[in-house]
Structure formats: C-alpha cells, structure tokens
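Structural description and commentary
Chain residues, written in single-letter form:
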Amino acid sequence: PKNNINVVGNELLPVELKIGDDFGYSKLLLHYKLSSTKFGEPETKYHSIRIAIKSNSIEENVYYNWDLSQLYLAVDDEISYYFQLFDNDDVMATS
C-alpha cells in the first residue's frame with residue numbers, strides 16, 4: 001500500500017506490481033517481518049512467500065491478495081516488506 005493501513009486481522013491486502021526484465025524472470029518473492037509490536041520482540045529475520053508469475057514473459061502485471069490473517073497482527077503492529085524479482089540472465093564466460 002502507498003500509506004499505512006489499519007488491519008482488523010482477517011483482511012486480504014490486494015497488491016499490484018508491474019514487473020519486467022529484458023531476458024525475462026524466474027521467481028518473485030514477497031519478504032516480510034514484524035518490525036514493531038507492543039507484545040514481545042520485533043522479528044529480525046524476514047519470512048518469504050513465493051508469488052506465481054508467468055515464467056516465459058518479459059513484462060507483466062502481477063495481482064496478489066496477501067492474506068494478513070495468517071500474521072495474527074495486534075493493534076499497532078507494523079510489518080516491513082519488500083519484493084524480490086529474480087531474472088533469467090545467463091552470464092556466459094569465454095576463455
């Protein structure tokens with residue numbers, strides 16, 4: 001989302017991405033962690049979710065509904081997240 005959102009706990013957060021690479025791509029991951037909470041310690045390591053993409057494309061719009069209910073968020077909890085796209089570039093070495 002562009003701004004902070006309030007979550008009741010059972011929401012699907014719609015995510016829309018435009019991805020592309022000149023040689024195509026092989027994998028898209030959503031990395032997230034609990035970065036702030038009043039209950040316990042924040043997480044230091046990110047969790048990952050693999051998002052389905054077309055493997056034979058060089059550009060596409062990706063639509064994903066992130067199920068936030070699985071995170072069991074409490075009031076004022078904050079999540080940090082980022083997306084990672086893996087490309088298909090084959091680096092060829094010559095000798």
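Description of the structure in this document. (Residues numbered from 1 in each chain as written. Predicted model: local features only at pLDDT ≥ 70, side-chain atom pairs only at ≥ 80, totals over all residues. Heavy atoms only, no water.)

Okay, the side chain of Ser-57 next. When you line up the elements, Ser-57 lands in the loop between strand E3 (47-51) and strand E4 (59-67). For Ser-57, the side chain forms a polar contact with the main-chain oxygen of Glu-59, separated by 2.8 Å. (Helix = DSSP H or I, 4+ residues; strand = E, 2+ residues; numbered from the N terminus. Polar contact = N/O pair within 3.5 Å; in protein donor to acceptor, adjacent residues only side chain to side chain.)

When charged atoms on two side chains of opposite charge get close, those side chains can pair. Taken as a whole and judged by the stated rule, the model has two salt bridges. Lys-18 is the salt-bridge partner of Glu-59, the closest N and O atoms lying 3.7 Å from each other. With Glu-59 in strand E4 and Lys-18 in strand E1 (residues 12-20), this pair connects stretches of sequence that are 41 residues apart. For the pair formed by Glu-59 and Lys-18, the shared burial category is exposed. One salt bridge connects Lys-38 with Asp-76, and the closest N-O pair in it is separated by 2.9 Å. Linking Lys-38 in the loop between strand E2 (25-36) and E3 with Asp-76 in the loop between E4 and strand E5 (78-87), this pair joins segments that are 38 residues apart in sequence. (Salt bridge = Lys/Arg side-chain N within 4 Å of Asp/Glu carboxyl O. Buried < 20%, exposed > 50% of the residue type's maximum accessible area, 1.4 Å probe, protein only.)

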